[in-house]
Amino acid sequence: MAPSESPSKASGCRRARAARPSSSDSHFGGRPSLDGIDWRGESAGSYDCSKLFVTTLAAAVARLRPGVLSNAVDPGWVPTKMGGPGAPDDLELGHRTQEWLAAIDDPRALTTGGYWYHRRRQQPHRAVHDEAFQDRLLQTLAEETGTAL
């Protein structure tokens, strides 16, 4: 299913917004497989896979909750404790897209199911919009947390 880009209002009210951060473009290195994942965090997992899962979760929310604007945001590789002082991206630009999607009335920001980098919509990993993968991820998360979406 292709993400919707049309602004809309639900029941006369503005749609709820949720921006799901996705760090750098690491999700492209993730594997769209849920086998062998330690969901309890007792052993280190793949950072790339975790970013693929959170990006996929944002797309699944967009698909299943039409009243919510849900997007994944790539802040870039920014100089933070995690990114290190040599990270090449601009720390200021890293959060601007999240602010824009969450608070601005720009029609381009009233979108859902997107993957964004510096206020530009990008094409995510091919698995992100795979509804079967989204459903498997949601089912696994529901089993692990006891909470269904």
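Residues numbered from 1 in each chain as written. Predicted model: local features only at pLDDT ≥ 70, side-chain atom pairs only at ≥ 80, totals over all residues. Heavy atoms only, no water.

J.: Honestly, the environment of Leu 110 in this entry has me stumped. Any pointers?
T.: Here Leu 110 shows up in the loop between α2 (91-103) and β5 (115-117). A relative accessible area of 17% means that Leu 110 is categorised as buried. Along the backbone, Leu 110 and Trp 100 are 10 residues apart, and their C-alpha atoms lie at a distance of 9.6 Å. (Helix = DSSP H or I, 4+ residues; strand = E, 2+ residues; numbered from the N terminus. Buried < 20%, exposed > 50% of the residue type's maximum accessible area, 1.4 Å probe, protein only.)

J.: What am I meant to see in the layout of surface pockets here?
T.: Taking a probe equal in size to a water molecule and rolling it over the atoms shows the remaining empty space. Each pocket or cavity is described by its volume, and for the largest pocket that value is around 190 Å³. Looking at the lining of the largest pocket residue by residue, the classes come out as five nonpolar, five polar and two charged. (1 Å grid on protein atoms, 1.4 Å probe; cavity = no way out; pocket = protein on both sides within 12 Å on 5 of 7 lines; lining within 4 Å. Points joined across faces, edges and corners; volume = space filled by probe spheres on them. Nonpolar A, V, L, I, M, F, W, Y, C, P; charged D, E, K, R; others polar.)

J.: I keep staring at unusual backbone geometry and nothing clicks. Help me out?
T.: Trans is the common state for peptide bonds, and a negative phi is the common state for residues other than glycine. At His 118, a residue that is not glycine, the phi angle is positive and equals roughly 50°. Position of His 118 among the secondary structure elements: in the loop between β5 and β6 (120-122). We classify His 118 as buried; its relative accessible area is 18%. Look at Arg 119: it is not a glycine, yet its phi comes out positive at around 65°. Classification of Arg 119 as partly exposed rests on a relative accessible area of 37%.

J.: Sorry, what's going on with the side chain of Asp 89 here?
T.: Among the structural elements, Asp 89 can be located in the loop between β4 (68-74) and α2. In this structure Asp 89 is buried but unpaired, with Arg 120 as the nearest side chain of opposite charge at 10 Å. For Asp 89, the residues in contact, after removing those within four places along its chain, are Pro 75, Gly 76, Trp 77, Val 78, Pro 79, Tyr 117 and His 118. (Lys, Arg positive; Asp, Glu negative; His and termini not counted. Salt bridge = Lys/Arg side-chain N within 4 Å of Asp/Glu carboxyl O. Contact = heavy atoms within 4.5 Å.)

J.: Please explain α2 as it appears in this structure.
T.: An α-helical turn contains 3.6 residues, so any two residues separated by three or four positions project in the same direction. Taking 1.5 Å per residue, 13 residues should reach 18 Å; α2 reaches 19 Å between its end C-alpha atoms and fits that length. Among the residues of α2, the N-terminal cap falls to Asp 90, whose side-chain oxygen and the backbone nitrogen of Glu 92 are separated by 2.7 Å. (Expected span 1.5 Å × (residues − 1). Polar contact = N/O pair within 3.5 Å; in protein donor to acceptor, adjacent residues only side chain to side chain.)

J.: Just checking my understanding: could you explain the pairing of β4 for this structure?
T.: On any regular strand, side chains alternate: one points to one face of the sheet, the next to the other face. Counting buried positions along β4 gives six out of seven residues, so the element sits mostly inside the fold. Sheet analysis places β4 next to β5, joined by three bridges and oriented parallel. Bridge pairing links Asp 74 to Tyr 117 in β5. (Pairing = 2+ DSSP bridges.)

J.: Hey, could you run me through the nonpolar core in this one?
T.: Within soluble globular proteins, side chains that are nonpolar generally end up buried alongside one another. Ranked by size, the top nonpolar core spans nine residues in total: Leu 34, Cys 49, Leu 52, Phe 53, Ala 59, Ala 127, Val 128, Phe 133 and Leu 137. Here this core gets four residues from one element, more than from any other, and that element is helix α1 (residues 47-64). Those residues in contact with Leu 34 that lie beyond four places of it in its chain are Trp 39, Phe 53, Phe 133, Arg 136, Leu 137 and Thr 140. In terms of nonpolar packing, the next biggest core, distinct from the first, is built from five residues, Val 73, Leu 101, Ala 109 and Trp 116 among them. (Core = buried A, V, L, I, M, F, W, Y, C linked by side-chain atoms within 4.5 Å.)

J.: Quick question: what am I supposed to make of the pattern of salt bridges here?
T.: When the charged atoms of two side chains lie near each other, side chains of opposite charge can form a pair. Within the structure shown, the criterion is met by six salt bridges. A salt bridge links Glu 144 to Arg 40, with the shortest nitrogen-to-oxygen separation between them at 3.7 Å. With Glu 144 in helix α3 (residues 131-145) and Arg 40 in the loop between β3 (16-21) and α1, the pair connects residues that are 104 residues apart, well separated along the chain. On the basis of relative accessible area, Glu 144 is assigned to the partly exposed category, the value being 31%. Judged by its relative accessible area of 60%, Arg 40 falls in the exposed class. Two residues, Glu 92 and Arg 96, come together in a salt bridge whose shortest N-O distance is 2.2 Å.

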